[in-house]
Amino acid sequence: MAEIKGKCGTDCNKCSFREKFNCGGCLAQQGKIFWGECDIYKCATNKGCQHCGQCHELPCENLLEFIRNGHNPDRLTNLNRWKNEQT
Ligand code: SF4
Ligand code: SF4
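Every chain begins its residue count from 1, and numbering advances along the sequence as written. Chains and ligands are labelled by the order in which they are written, letters from A for the one and numbers from 1 for the other. The predicted origin of the model limits local features to residues at a pLDDT of at least 70 and limits the giving and counting of side-chain atom pairs to 80 or more, whereas totals for whole chains, interfaces and linings rest on all residues. The basis for the side-chain values is all heavy atoms of the structure; hydrogens and waters are excluded.

### Thoughts on the overall build of the protein
Here is step 1 of the chain: In this description a helix means any DSSP run of H or I spanning at least four residues, a strand means any run of E spanning at least two, and both kinds are numbered starting from the N terminus. Each helix and strand counted, the protein has five helices and two strands in total.
Here is step 2 of the chain: Taken from N to C terminus, the helices and strands of the protein fall in the order α-α-β-β-α-α-α.
Here is step 3 of the chain: For 87 residues, the compact-globule formula gives about 12 Å, and the C-alpha radius of gyration of the protein, at 12 Å, lands near that figure.
Here is step 4 of the chain: The principal-axis extents of the C-alpha atoms in the protein amount to approximately 35 × 25 × 25 Å.
Here is step 5 of the chain: The classification of residues rests on relative accessible area computed with a 1.4 Å probe and restricted to protein chains. Under 20% of the type maximum is buried, over 50% is exposed, and intermediate values are partly exposed. Looking at the protein residue by residue over its 87 residues, the buried ones come to 34%.
Here is step 6 of the chain: In this description, accessible areas are obtained by the Shrake-Rupley approach with a 1.4 Å probe, and a residue is regarded as covered only by the protein chains that are shown. For the protein, the accessible area works out to roughly 5700 Å², and carbon and sulfur atoms hold 49% of it.
Here is step 7 of the chain: Charged residues are defined here as Lys and Arg on the positive side and Asp and Glu on the negative side; His and the ends of the chain fall outside this count. Charge placement uses NZ in Lys and CZ in Arg. For Asp and Glu, CG and CD serve respectively. Looking at charge distribution, the protein has the averaged site of its 12 positive side-chain charges lying 2 Å from that of its 10 negative ones. Here the globule rule is a power law, 2.2 Å times the number of residues to the power 0.38, and the radius of gyration is based on C-alpha atoms.

Written out as structure tokens, the structure is:
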């Protein structure tokens, strides 16, 4: 299944919450998801980045804290891979 690149490094296609909360994924939801408005989505969007992998500050302290507190430890690995891709 093709990846859906969430701005924080989540592959929305692999996220177990997507079905559970009927979530369309990061871009479809525009950062407004079941737990509220996502600051990482807002920050990356304001910087004109499709995801944090395109940001020269990667990995900023906010993102690292977000990843530490989250359910998906693959985010940073994904972002480091995505930053070398065109999209
Ligand atoms: S946590 Fe935020 S940036 Fe990450 S996939 Fe969800 S809405 Fe997108
Ligand atoms: S790496 Fe940090 S500063 Fe850069 S877009 Fe992501 S959250 Fe914002």
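### Some details on the packing of aromatic side chains
Here is step 1 of the chain: In this scheme Phe, Tyr and Trp rings, the latter by its six-membered ring, pair at centre separations within 6.5 Å, and the angle between planes marks the pair as stacked below 30 degrees, edge-to-face above 60, and tilted otherwise. With the rule as written, the count across this model stands at four aromatic pairs.
Here is step 2 of the chain: With 5.4 Å between their ring centres and 75 degrees between their planes, phenylalanine 17 and phenylalanine 34 make a pair best called edge-to-face. Residue phenylalanine 17 is located in helix 1 (residues 17-20), and its partner phenylalanine 34 is located in the loop between strand 1 (32-33) and strand 2 (36-37); the two are separated by 17 residues in the primary sequence.
Here is step 3 of the chain: Judged by its relative accessible area of 24%, phenylalanine 17 is partly exposed.
Here is step 4 of the chain: Relative accessible area serves as the criterion here: at 38%, phenylalanine 34 is assigned to the partly exposed category.
Here is step 5 of the chain: Pairwise contacts between aromatic rings join Phe17, Phe21 and Phe34 into one cluster.
Here is step 6 of the chain: The rule is short: NZ of Lys or CZ of Arg within 6 Å of the ring centre and within 35 degrees of the ring normal puts a charge over the ring. Over the ring of tyrosine 41 we find lysine 7, and its NZ or CZ is 5.1 Å from the ring centre.

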